[in-house]
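Listed here are the chains, written in short residue letters.
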Amino acid sequence: MRLDRFSQRSLGFWPTPLVALERLSDHFGSARLYMKRDDQSGLALGGNKSRKLEYLVGEALSQGCDSLVTAGAMQSNHCRQTAAAAAVARMECHLLVGGTAPEVWEGNLLLDRIFGARIQWRGEHRRGEDLEHFAASLRSGGHRPYVVPYGGSNAVGALGFVRAAEELSLQASNLGVEFTHLVFASSSGGTQAGLVVGSLGVGARHELIGIRIDKEECGPVPFRSRVLDLAREVAELVAVEDRIEAEHIRLDESRAGAGYGVVGDAEREAISLVARLEGILLDPVYTGRAMAGLIEMLRAGYFRPQDRVLFWHTGGSPAIFAYAAELT
Ligand SMILES: *Cc1c(COP(=O)(O)O)cnc(C)c1O
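Below or above, wherever it landed, is the structure these notes cover. Each residue is numbered by its place in its chain's sequence as written, counting from 1. In view of the model being predicted, local features appear only for residues whose pLDDT reaches at least 70, and side-chain atom pairs are presented and counted only at 80 or more, with totals across whole chains, interfaces and linings using the full set of residues. The basis for every side-chain value is the complete set of heavy atoms in the structure, and neither hydrogens nor water enter the calculation.

1. Some points on the overall build of the protein chain
Argument step 1. When its secondary structure is counted, the protein chain shows 11 helices and 10 strands.
Argument step 2. Note on method: radius of gyration uses C-alpha positions; expected globular size equals 2.2 Å times residues raised to 0.38. Against the globule reference of 20 Å for 328 residues, the protein chain gives a C-alpha radius of gyration of 19 Å, in line with a compact fold.
Argument step 3. Principal axes of the C-alpha set define a box for the protein chain whose edges measure 60 × 50 × 35 Å.
Argument step 4. Accessible area is worked out with a 1.4 Å probe on protein chains only. A residue is then buried under 20% of its type maximum, exposed over 50%, and partly exposed in between. Within the protein chain, buried positions represent 57% of all 328 residues. Think of it this way: any DSSP run of H or I at least four residues long counts as a helix, any run of E at least two long counts as a strand, and we number them from the N terminus.

2. Quick look at the sheet that holds strand S7 (residues 181-186)
Argument step 1. Strands were regarded as paired on the criterion that DSSP finds at least two bridges between them. One open sheet holds the 6 strands; their spatial order is S1-S2-S10-S7-S8-S9, and the pairing between them is mixed. Edge positions in the sheet fall to strand S1 (18-20) and strand S9 (251-252), since each of these pairs with one other strand and no more.
Argument step 2. Here strand S2 (residues 32-37) runs beside strand S10 (residues 308-313); their pairing, made up of 6 bridges, is parallel. Opposite Met35, over in S10, you have Phe311 as the bridge partner.

3. A look at the side chain of Ser153
Argument step 1. Here Ser153 shows up in the loop between strand S6 (145-147) and helix H6 (155-175).
Argument step 2. The contact rule is simple, with two residues in contact once any of their heavy atoms fall within 4.5 Å. The contacts of Ser153, once residues within four sequence positions are left out, are Lys52, Ser188, Gly189, Gly190 and Leu230.

4. As for the environment of His143
Argument step 1. Relative to the helices and strands, His143 is located in the loop between helix H5 (131-140) and S6.
Argument step 2. For His143, a relative accessible area of 38% gives the class partly exposed.
Argument step 3. Residues His143 and Met74 lie 69 residues apart in sequence; the distance between their C-alpha atoms is 26 Å.
Argument step 4. Sequence-distant contacts of His143, defined by excluding residues within four places in its chain, comprise Asp66 and Leu138.

5. Comments concerning the nonpolar core
Argument step 1. Counting 60 residues, the largest nonpolar core has Leu53, Leu68, Phe179, Val197, Leu310 and Trp312 as the members making the most contacts within it.
Argument step 2. Only helix H2 (49-62), helix H3 (77-88), strand S4 (92-97), H6, S7, helix H7 (190-202), helix H8 (223-237) and S10 provide two or more residues apiece to this core.
Argument step 3. The biggest single contributor to this core is H6, with 10 residues.
Argument step 4. Look past the residues within four positions of Trp312 in its chain and what remains in contact with it is Lys36, Asp38, Arg51, Phe161, Ala164, Leu168, Leu182, Val183, Phe184 and Leu195. The criterion is simple. A nonpolar core is a set of buried Ala, Val, Leu, Ile, Met, Phe, Trp, Tyr and Cys residues joined through side-chain atoms within 4.5 Å.

6. Some details on the site of the ligand
Argument step 1. By nearness alone, 16 residues border the ligand, and Lys49, Lys52, Ser188, Thr191 and Thr314 come closest of all.
Argument step 2. Two N or O atoms count as a polar contact when they lie within 3.5 Å, although within protein this holds only if one can serve as hydrogen donor and the other as acceptor, and sequence-adjacent residues are included solely when both atoms are side-chain atoms. Here Asn48 contributes a side-chain N or O atom positioned 3.1 Å from an oxygen atom of the ligand.
Argument step 3. Within the side chain of Lys52, one N or O atom sits 2.6 Å away from an oxygen atom of the ligand.
Argument step 4. Note on areas: Shrake-Rupley, 1.4 Å probe, and residue coverage restricted to the protein chains presented here. Within the complex, 98% of the 380 Å² of free accessible area of the ligand lies under protein.
Argument step 5. Looking at the shell around the ligand, the elements with two or more residues in it are H2, S7 and H7.
Argument step 6. For the shell around the ligand, a count of residues per class yields 2 nonpolar, 12 polar and 2 charged. Nearness here has a simple test: a residue counts as near a molecule or strand if at least one of its heavy atoms is within 4 Å of that partner. Under the scheme applied here, ten amino acids are nonpolar (Ala, Val, Leu, Ile, Met, Phe, Trp, Tyr, Cys and Pro), four are charged (Asp, Glu, Lys and Arg), and all others, including Gly, are polar.

7. Here we look at the side chain of Lys49
Argument step 1. By the element assignment, Lys49 lies in helix H2.
Argument step 2. For the buried Lys49, no salt bridge is present, and the opposite-charge side chain at shortest range is Asp283, 9.1 Å distant.
Argument step 3. Discounting residues that sit within four places of it in the chain, Lys49 has contacts with His78, Gln81 and Gly151. Charged residues are defined narrowly, with Lys and Arg counted positive, Asp and Glu counted negative, and His plus the chain ends left uncounted. Here, a salt bridge means any side-chain nitrogen of Lys or Arg that lies within 4 Å of a carboxyl oxygen of Asp or Glu.

8. Overview of the pairing of S4
Argument step 1. S4 sits mainly inside the fold: 5 of its 6 residues count as buried.
Argument step 2. Handedness of a crossover: with both strands directed away from the viewer, a clockwise path from the first strand across the helix to the second marks it as right-handed. Following the chain from strand S3 (residues 67-72) across H3 to the adjacent parallel S4, one finds a crossover that is right-handed.
Argument step 3. As judged from the 4 bridges shared by S4 and strand S5 (residues 118-121), these two strands associate in the parallel manner. Bridge pairing links His94 to Arg118 in S5.
Argument step 4. The handedness of the S4 to S5 crossover, carried by helix H4 (residues 107-114), is right-handed.

9. Side note on the sheet that holds S6
Argument step 1. Taken together, 4 strands build an open sheet; the order of strands is S5-S4-S3-S6 and the sheet is parallel. Looking along the sheet, the strands with just one partner apiece sit at the ends: S5 and S6. With direction set aside, neighbouring strand axes in the sheet form an average angle of 25 degrees.
Argument step 2. As defined by bridge partners, S3 adjoins S4 across 6 bridges and the pair is classed as parallel. Here an axis means a line fitted to C-alpha atoms, over the contact stretch when the element is a helix, while the angle between two N-to-C directions is reported on a 0 to 180 degree scale.

10. Focus: the pairing of S10
Argument step 1. Where burial is concerned, most of S10 is hidden: 5 out of the 6 residues are buried.
Argument step 2. Relative to S10, S7 runs parallel, the two sharing 3 bridges. Bridge pairing links Leu182 to Leu310 in S10.

11. Thoughts on the pattern of salt bridges
Side chains that differ in sign of charge can pair as their charged atoms come close.
Argument step 1. Per the counting criterion, the structure on display carries 25 salt bridges.
Argument step 2. Between Glu253 and Arg212 there is a salt bridge; the shortest N-O distance is 3.0 Å. You can see Glu253 sitting in the loop between S9 and helix H9 (265-278) and its partner Arg212 sitting in strand S8 (residues 207-212), a full 41 residues away along the chain.
Argument step 3. Owing to a relative accessible area of 4%, Arg212 belongs among the buried residues under this scheme.
Argument step 4. Across the pair Asp307 and Arg304 runs a salt bridge whose closest N-O atoms are separated by 2.7 Å.
Argument step 5. A relative accessible area of 2% means that Asp307 is categorised as buried.
Argument step 6. Note on Arg304: relative accessible area 46%, which makes it partly exposed.
Argument step 7. One network of salt bridges, in which partners are shared, links Lys36, Asp38, Arg51 and Glu167.

Take it as geometry only, folks, not as evidence of what the structure does.
Spelled out as structure tokens, the structure:
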């Protein structure tokens, strides 16, 4: 694997902790459970976007750009971390945010503002539909914007998760554990594509299980194929020779319930169980839903007692404060 030739701007604290979930494992009495704490990745209350942004901001700086432009939902963790990354990299940040301006700014949205990002409200367009157009208008005004794609999920962003797979491989061998499964939330696909390629690159044998968070497709290409295409692109960038096949992209698409960001009983149960047994906060949109998927697999007897299952905590806890009504 060749990662060293890509520009990188250090933004986080690595490696993130890898912890055993003793009480949660005992509670289900099946496989032993572990957690990779990317919620502790350091940039602006943490999360998986720190990893992608190190490579994206690295590229932006190497191109002499003066601003970052990205998009997301009102409670986007990606927007919050991009706003903070722009601040440390001495760049301006423009966010194209779905919805309309609320009366009270809370959770991630409040933090976007504290980090000094400029926010534009885009109604239905929360997934970056207007990014190129907006960047072009900045360029014609003499600025040098760098477009960070929705979720930070292009091949450059996904390099962060190729590196994450290397990081995990080292931690696992220090701990003397060989993971059999990795379970994580999958939404814009960069996390999954990077982990697929990185895992092949380090020769890890674990099964990767993405829990899909969104219900709707974004564009004509189904999510699964987009992740496959992205993984192939990443593999070529880092010179991983293995051919990436459709069966490498394991996705559970049955968990989206009433849709993106709609909290149901399964998410509430997962958040409260992990909080009360482990003292760890999940988030209502991504990790709560992904943990609910893992819990259902545990209950359905999917794992064997000798399995070692790693849940990748991708962050998101600032959104908790914007979901008070749904979580109480
Ligand atoms: C963005 C995000 C994800 C999903 O990662 P993708 O690379 O977009 O699939 C998962 N969890 C949290 C908390 C996120 O913010």
